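Letter by letter, the chains look like this.
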Amino acid sequence: MNPRLARELGPLRMEEYEIHHRVPLEYARLFPRMDIHQGTNLVAVERTVHRSINWVWESVGQQSQRLDSRQVEELSRVIDQQYGSWFHRVHVPAESASALAEQNALRAVKALLER
């Protein structure tokens, strides 16, 4: 976890944060040269935001087995655009804001998969 964030959160609030893999573990096979656990692929996010991000990835459904590395990178960028403001940041979760991010991300994922 980001040391500055850990100091700001303190030990009790740190429990509310999880580590998110920007390129999920299940797609590591598509990136043989990437260390999937490297710092640039990892971000700390509050638990409810992480659940929302995971829901977006899960929305890919059965198509996930057919994605290529370019598509995974595009999906990762969509999530970064919609959720990046919560990466490595202390915040009070606003359900309306995360719901809007989730809706926007789901819409973008659907458009990418329909190409």
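Residues numbered from 1 in each chain as written. Predicted model: local features only at pLDDT ≥ 70, side-chain atom pairs only at ≥ 80, totals over all residues. Heavy atoms only, no water.

Enquirer: How do you make sense of the packing of aromatic side chains when you look at a structure like this?
Expert: Think of a pair of aromatic rings as described by two things: how far the centres are apart, and how the planes are tilted against each other in angle. The full count for this structure, using the stated rule, is two aromatic pairs. Taking the centre distance of 5.5 Å and the plane angle of 40 degrees together, the rings of tyrosine 27 and tryptophan 57 count as tilted. Of this pair, tyrosine 27 sits in the loop between β1 (17–21) and β2 (42–46) while tryptophan 57 is found in helix α2 (residues 47–58), placing the two residues 30 residues apart along the sequence. Tyrosine 27 sits in the buried class, given a relative accessible area of 3%. Summarising the aromatic geometry, the rings of tyrosine 83 and tryptophan 86 are spaced 5.9 Å apart at their centres and angled 45 degrees between planes, so their arrangement reads as tilted. (Phe/Tyr/Trp six-rings, centres within 6.5 Å; stacked < 30°, edge-to-face > 60°. Helix = DSSP H or I, 4+ residues; strand = E, 2+ residues; numbered from the N terminus. Buried < 20%, exposed > 50% of the residue type's maximum accessible area, 1.4 Å probe, protein only.)

Enquirer: What is the right way to look at the layout of surface pockets in this model?
Expert: Gaps left between atoms show up when a probe the size of a water molecule is rolled over them. Within this model, the largest pocket holds a volume of roughly 240 Å³. Of all elements in the fold, only β1 and α2 reach the threshold of two or more residues within the lining of the largest pocket. For the lining of the largest pocket, the leading source of residues is α2, giving four residues. A class-by-class count of the residues in the lining of the largest pocket yields five nonpolar, six polar and three charged. (1 Å grid on protein atoms, 1.4 Å probe; cavity = no way out; pocket = protein on both sides within 12 Å on 5 of 7 lines; lining within 4 Å. Points joined across faces, edges and corners; volume = space filled by probe spheres on them. Nonpolar A, V, L, I, M, F, W, Y, C, P; charged D, E, K, R; others polar.)

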